[in-house]
Structures are given as C-alpha cells and as structure tokens.
Amino acid sequence: TIVNIILCILSFVLAVISVVTVVITLRQNSKMIEESTRPYISIYLGETYFQQTITYLIIKNYGTSSAIINDFSCDFDLSKCAHNSDIVPFAHIIGSNLSPGEKIVYPIDIQKLSNDPKANKLNFLIEYNSSVKSYKDSIPLNLAAHFDVLHLRASTKGQEVKTISFALQDIAEKML
C-alpha cells in the first residue's frame, strides 16, 4: 500500500506539472498569434527629390490587421512645419482606420524646423485598437538626422528630361 500511495502521489505531481506546462504553452502560443496578427503603426520620414527635396511625414500600418486610431499627439506643434497653415499634419486622424500596409502621407517643410532646437527630436504618442485589443506606442523621430541630407543627381539638358531623370533616379534609390 505504501508503494501504491507513493505512485499515486507521483502521478498527481506529474499530472499537475503536465497541466501547468500545457497552460504555459497555450499562453505563449496565444501571445505569438496575437503578435503576428496585430496592427503595428509607426511614423517615419520619407523624402523625394525631383527638382527640389520634399520631405513627408508618414504614418503606416505595418501589421496584418486593421487599426482604428483612438488618440494621436506630438510634443511639437506640427503646424510649424506644414506647407499650408490651414492643413496641419494628422489633425483629423483620430477615428481613422488604417488597413494593413496603408499609409497616410503629409508633405512637411523640414527647412522650417532646422533652426528650431525643439524640432530635433519629435515624440509621438499613438493609441489604436484592432478588433481584439488596444495598443499604445511612443514613437521618437529624430528629424535632425534629415536636416543635412544631400541629394546628388546626374545633370541633364532641358527641364522636362531633367525632371524625368530625377524621378527615375529617385525610384532607383528607393528600390535599393
């Protein structure tokens, strides 16, 4: 009977260990599935150069599911870098739905920011949700890294050909 009691206790301990292992594995699998199917929204700068440099502030959903933006803020007044003072970048973005791969692009005048030390690093706070869960991210953006960007282009004769040449060179750079 002592052997049977010891075997019973060992069986119980092994059963508990098995159940705990299964629960931990299921939680990890659930986290991995959620991480692979969630929206990932980020903000970055993009540039094009045809006859002049144009800088864009871009918000994009890199995830695999849609996201609805619940809150959006920046520690800097984005109207200071707007090309048009009537259109402030991302002023009406709250409530927007970003599908996977979708982006919203605003051209900004980065030259207006190069003399403002507060604009060297912008911090964005964005809250968004998928159909399952809510997310909150803080995204730092170092604008100072873009203040001294130099674009070199091959020289061409004639304005139309020059514009086409610059556009093709820009496309080639983006494909690198």
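For the structure, see preceding data.
Residues numbered from 1 in each chain as written. Predicted model: local features only at pLDDT ≥ 70, side-chain atom pairs only at ≥ 80, totals over all residues. Heavy atoms only, no water.

### Here we look at the sheet that holds strand S1 (residues 41-49)
Hydrogen bonding along the main chain pairs the strands of a sheet, whether they run parallel or antiparallel.
Then step 1. One open sheet accounts for three strands, arranged S1-S2-S5; its pairing is antiparallel. Unpaired on one side and paired on the other, S1 and strand S5 (103-108) mark the two borders of the sheet. Mean inter-strand twist for the sheet, computed between neighbouring axes without regard to direction, equals 25°.
Then step 2. The pairing of strand S2 (residues 53-61) with S5 spans six bridges and is antiparallel. Bridge assignment links Tyr56 to a residue of S5, and that residue is Pro107. (Pairing = 2+ DSSP bridges. Helix = DSSP H or I, 4+ residues; strand = E, 2+ residues; numbered from the N terminus. Axes fitted to C-alpha atoms, helices over the stretch in contact; angles between N-to-C directions.)

### Looking at the pattern of salt bridges
Then step 1. Counting across every chain of the model gives two salt bridges.
Then step 2. A salt bridge links Asp137 to Arg38; its shortest N-O distance comes to 3.9 Å. Here Asp137 is found in strand S7 (residues 134-142), whereas its partner Arg38 is found in the loop between helix H1 (2-37) and S1, with 99 residues between them in sequence.
Then step 3. According to the relative accessible area criterion, Arg38 is buried, its value standing at 10%.
Then step 4. The partner of Lys136 in a salt bridge is Glu127, and the shortest N-O contact between them spans 3.9 Å. (Salt bridge = Lys/Arg side-chain N within 4 Å of Asp/Glu carboxyl O. Buried < 20%, exposed > 50% of the residue type's maximum accessible area, 1.4 Å probe, protein only.)

### So, the sheet that holds strand S3 (residues 67-74)
Then step 1. Across the sheet, which stays open at both edges, the four strands sit in the order S4-S3-S6-S7 with antiparallel pairing between neighbours. Looking at which strands have only one partner, the edges of the open sheet turn out to be strand S4 (97-98) and S7.
Then step 2. Here S3 pairs with S4 via two bridges, running antiparallel. The partner of Ile68 across the bridge, within S4, is Asn97.

### Examining the nonpolar core
The nonpolar side chains of soluble globular proteins are, as a tendency, buried together.
Then step 1. Counting 27 residues, the largest nonpolar core has Leu57, Ile59, Phe72 and Phe124 as the members making the most contacts within it.
Then step 2. At four residues, strand S6 (residues 121-129) tops the list of elements feeding residues into this core.
Then step 3. The contact partners of Ile59, leaving out residues within four places of it in the chain, are Ile41, Ser42, Ile43, Ile69, Phe72, Phe90, Ile93, Leu98, Glu102, Lys103, Ile104 and Ile126. (Core = buried A, V, L, I, M, F, W, Y, C linked by side-chain atoms within 4.5 Å. Contact = heavy atoms within 4.5 Å.)

### Describing a nonpolar patch on the surface
Then step 1. On the surface, Ile5, Ile9, Phe12, Val13, Leu14, Val16, Ile17, Val20 and Ile24 cluster together to form a nonpolar patch covering roughly 840 Å² of accessible area.
Then step 2. Along the chain, Ile5 turns up in helix H1. (Patch = residues over 30% accessible without salt bridge, like charges linked within 9 Å, V, L, I, M, F, W, Y side chains within 5 Å. Areas by Shrake-Rupley, 256 points an atom, 1.4 Å probe, with all protein chains shown as cover.)

### A few points about the pairing of S1
Then step 1. Extensive coverage of S1 is indicated by the burial of seven of its nine residues.
Then step 2. Between S1 and S2, which follow one another and run antiparallel, lie three residues.

### Topic: the packing of aromatic side chains
Then step 1. All chains considered together, the criterion is met by five aromatic pairs.
Then step 2. Each residue in the set Phe72, Phe90, Tyr106 and Phe124 is aromatic and connected to the rest through ring pairs, giving one cluster.
Then step 3. When the ring centre of Tyr135 is taken as reference, the NZ or CZ atom of Arg38 above it lies at 3.9 Å. (Phe/Tyr/Trp six-rings, centres within 6.5 Å; stacked < 30°, edge-to-face > 60°. Lys NZ or Arg CZ within 6 Å of the ring centre and 35° of its normal.)

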